[in-house]
Amino acid sequence: MSTKGGPAASSPLQSARNRQRLFLVVLCAAYGIAVAVEDGLHQPLFKDEKHFWHTVQVFQDYEFPPSVEELRSYPEVLTPLSFVVWSQLEDLTGAGPFGGRLLNLVLSFAVVCIIALRRRPDDAALLAGVGMLLYPYTLPLSVHLYTDVLAVFLVLLGTALYAHRQPVFASVFLALAIATRQYMLAIPTALTAWALIEWIRGRHRQISLWLAPAAAAATIFIWFLVFGGLGPAAGMEKWVPLFPAPMLEFFNFIPGYGLYVLTLVGAFFVIPEFLLYRRWRTISFDGIQRGLVIAAVLGIAYATFPPMTYTAPMGALDRVIRPIAPNDFIRMLVFYGLALTTCLRFTRLDLAFWILLVTFFMNMKAQLAWEKYALPTLAALWYLKSIHALDGGRFPLTRPAERRE
C-alpha cells in the first residue's frame, strides 16, 4: 500500500501533466501548420484584410492619440482599437501586414491556452481547448489581419478575470474589447444581467460583480458620442448601403440571424461537447414536456423566419450543408435540429443562458449572419466549460481561502 504523496499517489497528476504537455505539442503543431499554409504569414491581402490594411495606413497619418474628428472620419463601421494597435505596431516595426498577423497568431494561441491550460492540469479544460480548436474560424482568423482575434482575446481575458473575482480589472478589458468591435458588448451585458439577478436574489453581496461589467457595457455610449452615431460617418456612408441595416431602426430586427446563431452554437459547441465529454452517459429524460414546448416554439420560429434567403453561404457550416441538403427545406430541418440542441442544452438560467440570450438578440440587429461572429460566444462557453461553471458549477470561482480542506 502506498502512502500519501508516494509514487502511486502522484501518478494521476503526472499523467495529467503529460496530457497537458501533449496538448501543447499538438497546439503548436496546429498553429505551425496554419502558418506554413499561409506562406509564413506573408500571403497576399485577403478579402477584408485589404480595406483593414488601408485603414491602418489611415491611422498612421493621424497623431497619437487620434482626435475626435479623426475618429469620425476613418472608413470602417468598427470601433478603432485594432487599427490603433496595428498602426502603432507598423510604426515600430515596419513589418507590414505580417506584424498584425503575427500579433493575431499570438493572441489566438493565448485564447486557446486560457481555455485549456490550468496550473493544476485538468482534462475537462484540455477538452474545452480541443473544442475551441475545432471551430473552423479559430485558426483561419489567427493568420489573417482581422479584428476579431484581438476583440475575443480581450473579452475572454475580461471573463477570466471576472471568474477569478477581479471584476474591476475585468471591466477594463471588457471595455477594451468593445473598443475593438462593438458586438463584444454581448459578454459584459450578459454578465451584468446574470450578476444583477443573482444579487437581487441574495446569492452574493458584491455589488461590483454587476456594477463593473455594467460600466464596461456602458462604454458603448461613449463611442456613440465620439462617432456622433453608431459608427464613424465615413464608414457608415461606405458600408451601410451594401447590407441590411437593422441597427439603424430601434424596432427593426432580422429574426433569422438570431435563429442561425443558435444553429451555430449547436454545431460548434453542443455537438462537440456531447462527443468530447461523452455526455450520452448522463442523458436524462426528465422535463420531456418542457422539451416538447421548446421544440414547438422553435419550430414555429424557424418556419416563420427561416435563415435561407441568402444567395451566398453564411460560412463554413452552410457551405458543408448546402451540397448535402437537396433543397432549402431539408437544409432548414438540419439547421433547426442544431438550434434545438442549443435550446435544450441551455435551459438552466445561468450565465451561459444569458450569454446566449443576449447574443441571440444582438445578432438580430446585425448586418450579416456571418458564422465567424459566433467566435466570442463560443470562446466564452468553452471557457465556462473548462472551469466547470456550466450545469450548476460555481461562478465566479471560489477564492482559495474559501475552499474547504
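Fair warning: this is a prediction, and the values are worked out from it, not measured in the lab.

S.K.: Would you mind showing me how to read the pattern of salt bridges here?
M.R.: Side-chain pairs of opposite charge can arise whenever the charged atoms involved come near each other. On inspection of all chains with the given rule, the structure shows 14 salt bridges. For Arg345, the salt bridge goes to Glu273, with nearest N and O atoms at 2.7 Å. Note that Arg345 is positioned in helix α16 (residues 328–345) and Glu273 in helix α13 (residues 255–276), a separation of 72 residues in sequence. Arg345 gets classed as buried once you look at its relative accessible area, which sits at 11%.

S.K.: Hey, could you run me through the nonpolar core in this one?
M.R.: Looking at soluble globular proteins, one finds that nonpolar side chains tend to be buried together. Among the nonpolar cores identified, the biggest contains 123 residues, and Phe269, Leu317, Leu384 and Phe395 are the most heavily contacted of them. Those residues in contact with Phe395, other than ones at most four positions away along the chain, are Tyr162, Ala163, Leu191, Trp194, Leu351, Leu384, Ile387 and Ala389.

S.K.: So what exactly am I meant to see when it comes to helix α2 (residues 48–60) here?
M.R.: In an α-helix, one turn spans 3.6 residues; hence positions three or four apart end up facing the same way. The terminal C-alpha atoms of α2, which comprises 13 residues, lie 19 Å apart, in line with the 18 Å expected from a rise of 1.5 Å per residue. All buried positions along α2 are accounted for by Glu49, His51, Phe52, Trp53, Thr55, Val56, Val58 and Phe59. In this fold, the buried residues of α2 make contact with α3 (68–71), α4 (81–93), α5 (97–116) and α12 (233–239).

S.K.: I would appreciate a short explanation of the layout of surface pockets in the present structure.
M.R.: Over the atoms rolls a probe the size of a water molecule, and its path tells where empty space is left. Roughly 850 Å³ of volume is contained in the second largest pocket. For the lining of the second largest pocket, the secondary structure elements donating two or more residues are α13, α14 (288–304) and α16. No other element matches α14, which puts 5 residues into the lining of the second largest pocket. Tallied by class, the residues present in the lining of the second largest pocket amount to 10 nonpolar, 6 polar and 7 charged.

S.K.: How should I be thinking about unusual backbone geometry in this particular structure?
M.R.: Excluding glycine, residues mostly carry a negative phi; peptide bonds, for their part, are mostly trans. Omega for the bond connecting Phe64 with Pro65 falls within 30 degrees of zero, at -5 degrees, which places this linkage in the cis form. Within the secondary structure, Pro65 is located in the loop between α2 and α3. Residue Pro396 follows Phe395 across a cis peptide bond; omega there is -5 degrees. Turning to its location among the elements, Pro396 is positioned in the segment after α18 (375–386). Backbone geometry at Lys47 places phi at a positive 45 degrees, although glycine is not the residue there. Topologically, Lys47 is positioned in the loop between α1 (7–37) and α2. Backbone geometry places Arg278, a non-glycine residue, at a positive phi of 50 degrees.

S.K.: Mind showing me how you'd approach helix α9 (residues 167–178) here?
M.R.: Taking 1.5 Å as the rise per residue, α9 with 12 residues should run 16 Å; its terminal C-alpha atoms sit 16 Å apart, in good agreement. On the buried face of α9, the contacting elements are α8 (148–163), α10 (186–200) and α11 (208–227).

S.K.: I would appreciate a short explanation of a nonpolar patch on the surface in the present structure.
M.R.: The grouping of Ile271, Phe274, Leu275, Trp280, Ile283, Phe285, Ile288 and Leu292 at the surface amounts to a nonpolar patch, some 820 Å² of accessible area in total. Elements represented by at least two residues in the nonpolar patch include exactly α13 and α14. If one sorts the elements of the nonpolar patch by residue count, α13 sits on top with 3 residues. Tracing the backbone through its elements, the reader meets Ile288 in helix α14. Ile288 sits in the partly exposed class, given a relative accessible area of 49%.

S.K.: Just to check I follow, could you spell out the environment of Thr79 for this structure?
M.R.: Within the fold, Thr79 resides in the loop between α3 and α4. Sequence separation between Thr79 and Trp210 is 131 residues; the distance between their C-alpha atoms is 24 Å. The residues touching Thr79, leaving out its near neighbours within four places in the chain, are Tyr74, Ile178, Ala179, Thr180, Arg181, Gln182, Trp223 and Phe227. Of the polar contacts made by the side chain of Thr79, one reaches the backbone oxygen of Thr180; its length is 3.4 Å.

S.K.: How do you make sense of the confidence of the model for the protein when you look at a structure like this?
M.R.: Across the protein, the average pLDDT comes to 92, with 95% of residues at or above 70. Contacts for the low-pLDDT stretch residues 400–405, under 50 throughout, to residues beyond four places or in other chains number 2 contacts.

S.K.: Teacher, can you tell me more about empty space enclosed by the protein here?
M.R.: One pass over the full model with this rule turns up 4 cavities of 30 Å³ or more. Space inside the largest cavity adds up to approximately 70 Å³. Put simply, the parts of the chain that give the lining of the largest cavity at least two residues each are α5, α7 (138–142) and α8. Element by element, the count of residues in the lining of the largest cavity is highest for α7, at 3 residues.

Conventions we followed
- Residues numbered from 1 in each chain as written.
- Predicted model: local features only at pLDDT ≥ 70, side-chain atom pairs only at ≥ 80, totals over all residues.
- Heavy atoms only, no water.
- Salt bridge = Lys/Arg side-chain N within 4 Å of Asp/Glu carboxyl O.
- Helix = DSSP H or I, 4+ residues; strand = E, 2+ residues; numbered from the N terminus.
- Buried < 20%, exposed > 50% of the residue type's maximum accessible area, 1.4 Å probe, protein only.
- Core = buried A, V, L, I, M, F, W, Y, C linked by side-chain atoms within 4.5 Å.
- Contact = heavy atoms within 4.5 Å.
- Expected span 1.5 Å × (residues − 1).
- 1 Å grid on protein atoms, 1.4 Å probe; cavity = no way out; pocket = protein on both sides within 12 Å on 5 of 7 lines; lining within 4 Å.
- Points joined across faces, edges and corners; volume = space filled by probe spheres on them.
- Nonpolar A, V, L, I, M, F, W, Y, C, P; charged D, E, K, R; others polar.
- Patch = residues over 30% accessible without salt bridge, like charges linked within 9 Å, V, L, I, M, F, W, Y side chains within 5 Å.
- Areas by Shrake-Rupley, 256 points an atom, 1.4 Å probe, with all protein chains shown as cover.
- Polar contact = N/O pair within 3.5 Å; in protein donor to acceptor, adjacent residues only side chain to side chain.
- pLDDT = per-residue confidence, 0-100.

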